Amino acid sequence: MTDSAVRAGRCQVHSKTVLSFVSALMILLLYAAYGHIGKESHAMKQKQMAAAVKKVRLLCLILTMEKDLNTKAAAVNKTWATRCDKHFYVIYSTQKRHDFLNVAVPDDRHKLVFKMRKAYEEVYQKYINDFDFLLKADDDTYVIVENLKYLLWHHDANKPGYLGFHFNKFVNSGYMSGGAGYVISNRGLRNLVERGYQNGVCELQKRKDDPENSEDIETGRCLETAGVPVWTSLDLHGRETFHAYPLERHLFGNLPQYIYSWAKHPIRNGKECCSRYAISYHYVKPDAIYFLHHMLYETTVFGLADNLEINGPVFKFDRIE
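Residues numbered from 1 in each chain as written. Predicted model: local features only at pLDDT ≥ 70, side-chain atom pairs only at ≥ 80, totals over all residues. Heavy atoms only, no water.

(A) Structural view of the state of the cysteines. Counted according to the given criterion, the structure contains three disulfides. Paired by a disulfide, Cys-202 and Cys-222 hold their sulfur atoms 1.9 Å apart. One disulfide, between Cys-202 and Cys-222, carries an S-S torsion of 85° and so falls in the right-handed class. Of this pair, Cys-202 sits in the loop between helix H5 (186-197) and helix H6 (215-225) while Cys-222 is found in helix H6, placing the two residues 20 residues apart along the sequence. Here Cys-202 matches Cys-222 in class, with each residue buried. Linked covalently through their sulfurs, Cys-273 and Cys-274 form a disulfide whose S-S length is 2.3 Å. Around the S-S axis, the bridge from Cys-273 to Cys-274 shows a dihedral of about -95° and counts as left-handed. Judged by its relative accessible area of 5%, Cys-273 falls in the buried class. Classification of Cys-274 as buried rests on a relative accessible area of 9%. (Disulfide = S-S within 2.5 Å. Helix = DSSP H or I, 4+ residues; strand = E, 2+ residues; numbered from the N terminus. Buried < 20%, exposed > 50% of the residue type's maximum accessible area, 1.4 Å probe, protein only.)

This is how it looks when you write it as structure tokens:
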């Protein structure tokens, strides 16, 4: 082989090596570019989803009494209530406040069902076009409104449905714990009033299994009669989002025995007690409400991923339980 042929062969090899190197470099640059674009696209989708969730219109009804205005109701008012798009305190009072829904039913546990019925009828008459979903809660309930809106974003407000902590007792389809808070869709409230109250099919009857006609049970019974199904509120891992007791009692398993047999879904203790996207806790004292709120909204843990980093489904997709 001549020297010129050898040199030509070497040049060809060198050229191929250079081309391979350039090709590899181009591929790496393209991957980097697409990766950057992918991250930007993902971040944009997260922001768009957050904006869409924020548009869910939530009306909150909080049951309270005059004697608790400066304690329980004050704690709720200074924390989560103002995160609702509109909120009212359902109260029997001579006081007038823009956030009071005064109902002419005296404070009495046995009359709560009548108090809430009047509240729902008034909301139907005055505010039915102002919300997508309605939350009923107590003045010792703590609610993480953003997580609630995120759950509700998966549902259609124009379809009847309601959800919360699901008890499998007293009503064929079960009922939602009143203290943990329950949510009714706009169409569900329309059904409750139009097909239930106005049709006279939800009149109270004396019942041996519930002699005091508990508000949450009777509301659940009327919703079922009015054709409002139960929607699931579990997350994708089967964990509860609504809770009938404070966080620490669910966490440590310090719960009354009845709840293990009444609950629709098996009760879990420890860190599996509660969804990462938990929505509510009940029997929360005012100091604990302030504490929870501060830990959630005023504390940041350095190094943890952005809370908006949602890479897949969070809640169960089945709508009706």
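Now, onward.
(B) Local environment of the side chain of Arg-239. As for its placement among the helices and strands, Arg-239 is situated in the loop between H6 and helix H7 (247-252). Ignoring any residue separated from it by four or fewer positions in sequence, one finds Arg-239 in contact with Ser-233, Leu-234, Arg-268, Glu-272, Cys-274, Ser-275 and Arg-276. (Contact = heavy atoms within 4.5 Å.)

(C) Focus on the pattern of salt bridges. Applying the stated criterion across every chain, the model contains 16 salt bridges. Among the salt bridges present, the one from Asp-107 reaches Lys-115, with a minimum N-O distance of 2.6 Å. We note a salt bridge from Asp-235 to Arg-239, for which the minimum N-O separation is 2.9 Å. Residue classification places Asp-235 among the buried positions, given a relative accessible area of 2%. One network of salt bridges, with partners in common, ties together Asp-235, Arg-239, Arg-268 and Glu-272. (Salt bridge = Lys/Arg side-chain N within 4 Å of Asp/Glu carboxyl O.)

(D) Expanded view of the packing of aromatic side chains. In the structure shown here, the tally under the stated rule is 12 aromatic pairs. With 5.0 Å between their ring centres and 35° between their planes, Phe-88 and Tyr-127 make a pair best called tilted. Within this pair, whereas Phe-88 is found in strand E2 (residues 86-91), its partner Tyr-127 is found in helix H3 (residues 112-127), the two being separated by 39 residues in sequence. Ring geometry for Phe-170 versus Trp-262: centroids 5.3 Å apart, planes at 85°, classification edge-to-face. Within this pair, whereas Phe-170 is found in the loop between strand E7 (166-167) and strand E8 (175-176), its partner Trp-262 is found in helix H8 (residues 258-262), the two being separated by 92 residues in sequence. Judged by relative accessible area, which is 21%, Phe-170 ranks as partly exposed. Accessibility expressed as a relative area gives 24% for Trp-262, which makes it partly exposed. Site record: aromatic cluster; members linked through ring pairs are Phe-165, Phe-167, Phe-170, Tyr-175, Tyr-258 and Trp-262. The aromatic ring of Tyr-297 is capped on one face by Arg-83, whose charged end is 3.7 Å from the ring centroid. Positioned over the ring face of Phe-170 is Lys-169, at 5.4 Å from the centre of the ring. (Phe/Tyr/Trp six-rings, centres within 6.5 Å; stacked < 30°, edge-to-face > 60°. Lys NZ or Arg CZ within 6 Å of the ring centre and 35° of its normal.)

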